[in-house]
Amino acid sequence: MRFLKRWRIGRGATRGVASHDAPLRPMPFLPVMVAVVLVVLLGGGAAMWLLGVWSPQSQATLAAERFRLDQIKTALTVAAGLAAGVTLLMTLRRQALSERAQRFAESDALEQRTTTLYVAAADQLGSDKAAVRLAGLYALERLGQDNPKLRQTVVDVWCAYLRMPYVPPVEVLRGSVKRSPEHPSDDAEAPDAKTEAERREELQVRLTAQRLLAAQLRRTQTDTDQTAYWIDAKGNRMTTDLVGAVLVNFSFASCEIEQGDLSGAQFHGVADLSEAQFHGVADLSEAQFHGDANLSEAQFHGDTNLDEAQFHGVAYLSDGQFHGDTYLSEAQFHGGAILSGTQFHGYASLSKAQFHGYAYLSGAQFHGDANLEEAQFHGDTDLSGAQFHGDTNLDEAQFHGDTDLSGAQFHGDTDLSGAQFHGRSDLREAQFDHGVDLSHARATPAAPLPSGWILSSSASRAELLGEVIRAQDHAGASPDGQRKAAADGAGAQADTT
């Protein structure tokens, strides 16, 4: 835990210095005294001149002399008043200096107390006793609750703790799906009892850190305590750095964060990110989900990176919103993948992605270009009602199971060159608004294809499936019409496997 002790609170680094708290410059003695004497002399002289003390008197009478003495007294009184005013200003300045010095002393004492609390909490996190480490986590929570400017630091410390190397106990590993590489084999040697006990104690500490982290990042509609959802002193949301962290039954459900880096993270048990909101970049590349992963209704406002992510259980991404560019290249879905109703508003890349179970994309919408080049669907695939508003690239995509494209709409250019349909692939009700490239596409005789799309080993190119469908509509169902549709669609053919 040495890295925890490196943080210190600097007077200028961790907090801004307000203008009224800025240190005052000392006033030079000689210029100030000269200015005071000049003010008094000039003020008194001006008062005497205005009162006519220096005006000539031709015939001085006793009454006139008394009046003249009164004028002199009044002028001197004015001069004395000016001097008293200057003295009062100097006194007020000394009082302001004293008050500011007091504020600085109180602030410095608070900073020292905060630093002491932080160092104590860091020492607790480095303890070899689980109970002491738990106390350190709660001490950091109190520290962040009372000091908004330190909340990001507290979140960083929690994340750093979760990034520390950790091996979960055997019962957690056995809870992973059997296809996961972390699932222990039946003949695996069990660790000794002492090691397992230590792992269980550490698991409780890590579960507490995860729970505290999620509690401060979750904004609820009924929450009346404004401090329950953490933002820093400038109103910014928290960012999380959980690169390579080992997480057990991790939950970010309904949490709102600015940026989240979970690349390479290991999720054991159920990973719940449902309804989470990532306002900045979300990076889950190379993350491994050893159990089910729930990202349903999650919103990603920035770019999302899921390249090479491994979903060993069922992946729930239904009704998700990806507002930026989305990258799922070379991602592997070993269980089922549910993306029904998911909306990709930017560019979506699923190139070389592998779906080993069923892939359910019914009603999914791709508002930008969609790249599914060399994607492999080993199980059944449901694309019914899916809408592709931009260009769609399915070059060399492979559909090994049954594929349902009924009601799918391809509004941009569609590239199916080299695509392979090995199961029952229903393309009859798919709508292609622009040209579709079927060169070198392959399909088995079990695939129900539109009339006019002839399976032939000699055919090498078919480019306009849309024209074939229109020819079928105009030709009708009569034998002559079917022959005419086949003749009109002679240019729209595919190779048999």
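For the structure, see preceding data.
What counts, and where the lines are drawn
- Residues numbered from 1 in each chain as written.
- Predicted model: local features only at pLDDT ≥ 70, side-chain atom pairs only at ≥ 80, totals over all residues.
- Heavy atoms only, no water.
- Salt bridge = Lys/Arg side-chain N within 4 Å of Asp/Glu carboxyl O.
- Helix = DSSP H or I, 4+ residues; strand = E, 2+ residues; numbered from the N terminus.
- Buried < 20%, exposed > 50% of the residue type's maximum accessible area, 1.4 Å probe, protein only.
- Core = buried A, V, L, I, M, F, W, Y, C linked by side-chain atoms within 4.5 Å.
- Patch = residues over 30% accessible without salt bridge, like charges linked within 9 Å, V, L, I, M, F, W, Y side chains within 5 Å.
- Areas by Shrake-Rupley, 256 points an atom, 1.4 Å probe, with all protein chains shown as cover.
- Pairing = 2+ DSSP bridges.

*Asks:* In this structure, what is going on with the pattern of salt bridges? I would like to understand it.
*Replies:* It is possible for side chains bearing opposite charge to pair when their charged atoms get close. In total, this model carries 8 salt bridges according to the counting rule given. As a salt-bridge pair, Asp 241 and Arg 163 come within 3.6 Å of each other at their nearest N and O atoms. Here Asp 241 is found in strand S1 (residues 240–241), whereas its partner Arg 163 is found in the loop between helix H4 (151–162) and helix H5 (170–174), with 78 residues between them in sequence. Note on Asp 241: relative accessible area 32%, which makes it partly exposed.

*Asks:* What should I look at first to understand the nonpolar core in this one?
*Replies:* As a rule of thumb, nonpolar side chains are buried together in soluble globular proteins. Grouped together as the largest cluster of nonpolar side chains are 89 residues, with contacts concentrated most on Leu 140, Phe 252, Leu 262, Phe 267, Phe 278, Phe 333 and Phe 366. For this core, the elements supplying multiple residues, two or more each, are helix H2 (62–125), helix H3 (130–146), H4 and helix H6 (193–217). Counting residues per element, this core draws most heavily on H4, at 7 residues. Grouped together as the second largest cluster of nonpolar side chains are 5 residues, Tyr 166, Val 172, Val 246 and Val 248 included.

*Asks:* How do you make sense of a nonpolar patch on the surface when you look at a structure like this?
*Replies:* On the surface, a cluster of nonpolar side chains totalling about 320 Å² of accessible area is made up of Leu 88, Leu 89 and Leu 92. Structurally, Leu 88 is set in helix H2.

*Asks:* Where do I start with the sheet that holds strand S35 (residues 431–432) in this structure?
*Replies:* If you walk across this open sheet you meet the 9 strands as S3-S7-S11-S15-S19-S23-S27-S31-S35, and the pairing is parallel. Each edge of the open sheet is held by one strand with a lone partner, namely strand S3 (256–257) and S35. Judged from the 2 bridges that link them, strand S7 (residues 277–278) and strand S11 (residues 299–300) form a sheet pairing that is parallel. Bridging from a neighbouring strand, Phe 278 pairs with Phe 300 of S11.

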